[in-house]
Amino acid sequence: MTLFQLLIVAIVQGVTEFLPVSSSGHLILLPALTGTQDQGLAIDVAVHVGTLLAVIIYFWTDVRIAAGGVKRLVRGRIDTPGAFLALCLIIATIPALIVGFAIKVTGFDEAMRSVAIIGWTMLIFGLVLFWADRFGATTRMAKEWTLKHAAIMGMAQCLALIPGTSRSGITITAARQLGYGREGAAKLAMLMSIPVILASGAVLSLDIVGQANWALARDAGIAAAFAFAAALAALVLMMRLLRSVSFTPYVIYRVIFGIGLLIWAYT
């Protein structure tokens, strides 16, 4: 791939991974919309690594606390905030791992990569996000996360396995409906992304074992760096904007994009 193509793929992944607009949907559509070649699994893994590093750095304090809590969990103790946070993240991740594995082994993941499906999910879940954000309460903060709410958000996260839904979008939607404020909902959604990105990156890595070469490794490194920069910038911008702006701008984008995709798919 050319440097420009790597830059486009990395920016699209980096920006859309954490904004509630669906990174998978954009990456699937990118070759068709731009007339370029598919980026391939190796580049997909690379941009996932880049976005993973971005969210870890941005939420480093929480990540460090949760990582320390894992040690307590291994010893069978849930006696610190870190251990409880780690347990919540584990519970929130399990549903997506189970459903994702089932989709992978049955081959349904390929069947869902259509323009029509992405168009419908963009539109429908964009409107659901608007409804939850408009009418959801704002009485809870991220530090008040419970095991029950982690399980509910984890089950909602399974819907993101359908391209176009948006992992961050559907988890933010669930959090807003549960009464978490915008910043708190976004923070929980971002923390939930860490184990999921790790798992998806590991699965993709297994698919490309033995296929790597120096040229591909160089391209992957470049893509990871670009994705990291784009993801970190998107995170900083979104978290700042949420102090004064709702999720409506993302909803408007999803609705317009979704309608455009549906027109394209059915005509």
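Because the structure is predicted, anything quoted here is derived from the model rather than measured.

Trainee: Please provide a residue-by-residue account of the pattern of salt bridges, values included.
Mentor: Taken as a whole, this structure holds six salt bridges when the rule is applied. When the shortest N-O distance is used, the salt bridge between Arg 182 and Asp 133 registers 2.8 Å. Here Asp 133 lies in helix 7 (residues 115-135) and Arg 182 lies in helix 10 (residues 182-207), a separation of 49 residues in the sequence. By relative accessible area, Arg 182 is classed as partly exposed at 28%. Ionic pairing is found between Glu 183 and Arg 243, a salt bridge with its closest N-O pair at 3.8 Å. Of this pair, Glu 183 sits in helix 10 while Arg 243 sits in the loop between helix 11 (214-241) and helix 12 (248-266), and the two are 60 residues apart along the sequence. Note on Glu 183: relative accessible area 37%, which makes it partly exposed. According to the relative accessible area criterion, Arg 243 is exposed, its value standing at 59%.

Trainee: Let's hear about unusual backbone geometry: which residues, and what values?
Mentor: A positive phi is found at Ser 22, a non-glycine position, where the angle reads about 75 degrees. Along the chain, Ser 22 turns up in the loop between helix 1 (3-18) and helix 2 (23-34). Its identity is not glycine, yet Ser 166 carries a phi of approximately 90 degrees, on the positive side. Mapped onto the secondary structure, Ser 166 falls in the loop between helix 8 (147-157) and helix 9 (167-177). We classify Ser 166 as buried; its relative accessible area is 3%.

Trainee: Any chance you could break down the nonpolar core for me, citing the residues and the numbers?
Mentor: Ranked by internal contacts, the top residues of the largest apolar core, which has 44 residues, are Val 55, Phe 59, Trp 145, Met 153, Met 190 and Met 238. Here the element with the most residues in this core is helix 10; it accounts for nine residues. Residues contacting Met 238, with those up to four places away along its chain left out, are Phe 18, Leu 19, Pro 20, Ala 186, Met 190 and Tyr 250. One finds Val 12, Leu 30, Ile 43 and Val 47 within the second-largest nonpolar core, a separate group that totals 13 residues.

Trainee: Give a detailed account of helix 4 (residues 60-74), specifying residues and quantitative values.
Mentor: Over its 15 residues, helix 4 runs 21 Å from end to end, which matches the ideal 21 Å to within 8%, given 1.5 Å per residue. Taken residue by residue, helix 4 has Asp 62, Val 63, Ala 66, Gly 69 and Leu 73 as its buried positions. Along the axis of helix 4, the buried positions cluster into a sector of 120 degrees, meaning they face one direction only.

Trainee: Just give me the short version of the confidence of the model for the protein chain, but keep the residues and values in it.
Mentor: When pLDDT is averaged along the protein chain, the result is 89; 94% of the residues meet or exceed 70. Here helix 6 (residues 108-111) is the element of the protein chain with the lowest mean pLDDT, 79, and helix 8 is the one with the highest, 97.

Trainee: Lay out a nonpolar patch on the surface with the relevant residues and their values.
Mentor: Together, Ile 90, Ile 94, Ile 98, Val 99 and Leu 161 give the surface a local cluster of nonpolar side chains, amounting to about 380 Å² of exposed area. By the element assignment, Ile 98 lies in helix 5 (residues 81-106). Judged by relative accessible area, which is 54%, Ile 98 ranks as exposed.

Scoring rules and cut-offs
- Residues numbered from 1 in each chain as written.
- Predicted model: local features only at pLDDT ≥ 70, side-chain atom pairs only at ≥ 80, totals over all residues.
- Heavy atoms only, no water.
- Salt bridge = Lys/Arg side-chain N within 4 Å of Asp/Glu carboxyl O.
- Helix = DSSP H or I, 4+ residues; strand = E, 2+ residues; numbered from the N terminus.
- Buried < 20%, exposed > 50% of the residue type's maximum accessible area, 1.4 Å probe, protein only.
- Core = buried A, V, L, I, M, F, W, Y, C linked by side-chain atoms within 4.5 Å.
- Contact = heavy atoms within 4.5 Å.
- Expected span 1.5 Å × (residues − 1).
- Arc of directions from axis to C-beta.
- pLDDT = per-residue confidence, 0-100.
- Patch = residues over 30% accessible without salt bridge, like charges linked within 9 Å, V, L, I, M, F, W, Y side chains within 5 Å.
- Areas by Shrake-Rupley, 256 points an atom, 1.4 Å probe, with all protein chains shown as cover.

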